[in-house]
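Take a look at the letters that make up each chain.
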Amino acid sequence: MSSRGMGAEVLLSLGRAGNGGRFDSEFEMPFKILLMKKVIMKMLTEDFIMSKFVASTDTAETQESVLARSIRVRLVSKQIQSAMRARAILFYCCIAPLRMLMNSKELRQEGGNHEPLHLYDFGKVFDTLERVLAYSVDNPNNVLPIDLRFFSIGQFPCLENFYANRNSRLCLSANKLHQVSEKLLVREEVYDLGKD
Amino acid sequence: MTLRFLSVLLLGMLKSLRRNGKEWLTSSDGLFSTRRWTPEMKEKLGTLAGDNIALGESPFGRAGYVDEKLMNALSSTVNGVVVGGQCGLFQHLQGLDDNQLLAILEFVKSRRDAYKKEDNEALLRQKKC
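Per chain, the residues get numbers from 1 upward, laid out in the order the sequence is written. Chain letters and ligand numbers both follow the written order, the letters beginning at A and the numbers at 1. Reporting in this predicted model follows two pLDDT cut-offs: at least 70 for local features of residues, and 80 or more for side-chain atom pairs to be given and counted; totals over whole chains, interfaces and linings ignore these cut-offs and use all residues.

Draft legend 1. Looking closely at the interface of chain A and chain B. At the interface, 37 residues of chain A touch 32 residues of chain B. Breaking the side of chain A that touches chain B down by element, the ones donating at least two residues are α5 (78–101), α6 (104–109) and α7 (122–138) of chain A. Strands here are runs of E lasting at least two residues and helices are runs of H or I lasting at least four, both read from the DSSP assignment and numbered beginning at the N terminus. Broken down by element, the side of chain A that touches chain B gets its largest block of residues, 11 residues, from α7(A). Each residue gets one of three labels, nonpolar for Ala, Val, Leu, Ile, Met, Phe, Trp, Tyr, Cys and Pro, charged for Asp, Glu, Lys and Arg, and polar for the others, Gly among them. For the side of chain A that touches chain B, the class distribution of residues is 19 nonpolar, 10 polar and 8 charged. In this description, any two residues whose backbone-derived C-beta atoms lie within 7 Å of each other are considered to be in contact.

Shown next, in the form of structure tokens:
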């Protein structure tokens, strides 16, 4: 990436391929891919142009791979983008805080003096989740504001630091020279529906 | 189009929640729903914190990682390495150099039959139980 002059872009880890399919991964990966969509497309498009218009004796080096072509074609599809955006939005507003509530270790790492939830508190978590989901099924616009919280701080004070950290977190670029506000990036790449 | 996808996903999540988590939902009068918890139960289980990483995901993640690294290893070997790691078995090996690690591996290999016998006996005891 750095050799292609893309070191200033934010790159996120997509984890190990061996992790396999998990419910939360299906929501988390589109979120991360959308945040990196521009840089991925730039790289794949450059490869495509090189393979088509730059003459080289070494065909294997310049030819676009089947996988790269497949990803490029899918990423420009509006349908795929919409499907990814829907999952990414649900990850940001629902899955991420839900996962945090279920991981006392991660919750402690976020800081603050609030105790993680007890086993019996999960009834309250599920009741809240059911209420918001039931309302949002008929009103999907409800989940479009970036500051929507499925789990409010009033009900779940242990999430206070998680939300605060998320709003102020900075993402480092690949060359570690630039910083971008994560929330700003999410607003532009995930929550901006554009000509959807 | 995103809104249509959102609507479908939200409906799917709601249906899944009502099917898989109904025992926790007040609307289903579930066995573990909030209003079924008595003060005695809360006091007794008060020290248990919700943590799916330690209880569920982490061992599977470690097993996947070890399986990938060892390649062609038996599941019993993977199990041994993961459980050993969780019990802190390898912590004291961190300061050793390559020669010392090699010596330990040679020692373990030389006692393979003895360990295998112990393992089989333990398995037999479990089956009897």
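There's plenty left to go through after this.
Draft legend 2. Region of the structure containing helix α9 (residues 182–191) of chain A. Here a residue counts as buried when 20 or more other C-beta atoms fall within 10 Å of its C-beta, as exposed when 12 or fewer do, and as partly exposed in between; the C-beta atoms come from the backbone. All of the buried residues in α9(A) are Val186(A), Val190(A) and Tyr191(A). Each buried residue of α9(A) sits inside an arc of 70° when the element is viewed along its axis, so together they form one side. By arc we mean the arc of the directions from the helix axis to the C-beta atoms, nothing more.

Draft legend 3. Summary view of the domain arrangement of chain B. Where a domain begins and ends is set by an automatic assignment or by a domain database. According to the domain assignment, chain B consists of domain 1 (2–44), domain 2 (52–94) and domain 3 (96–129). Using only C-alpha atoms to locate each centre, domain 2 of chain B and domain 3 of chain B end up separated by 16 Å.

Draft legend 4. Region of the structure containing the nonpolar core. Residues and elements named next belong to chain A. Throughout this description, the term nonpolar core refers to a group of buried Ala, Val, Leu, Ile, Met, Phe, Trp, Tyr and Cys residues whose C-beta atoms join them within 7 Å. Within the largest apolar cluster, 40 residues are counted, with the highest numbers of intra-cluster contacts made by Phe-31, Ala-88, Ile-89, Leu-90, Tyr-92, Leu-101 and Val-190. For this core, the element with the most residues is α5, which contributes 12 residues. Among residues more than four places away in sequence, those in contact with Phe-31 are Ala-88, Phe-91, Tyr-92 and Val-190.

Draft legend 5. Just the confidence of the model for chain B, in detail. All names here are of chain B. Residues at a pLDDT of 70 or more form 91% of chain B, whose mean pLDDT is 82. By definition, pLDDT measures how confident the predictor is in each residue, and it falls between 0 and 100. When mean pLDDT is taken per element in chain B, helix α1 (residues 2–20) scores highest with 89 and helix α3 (residues 52–70) scores lowest with 72. Taken over the whole predicted complex, pTM reads 0.71, whereas the ipTM for its chain interfaces reads 0.79.

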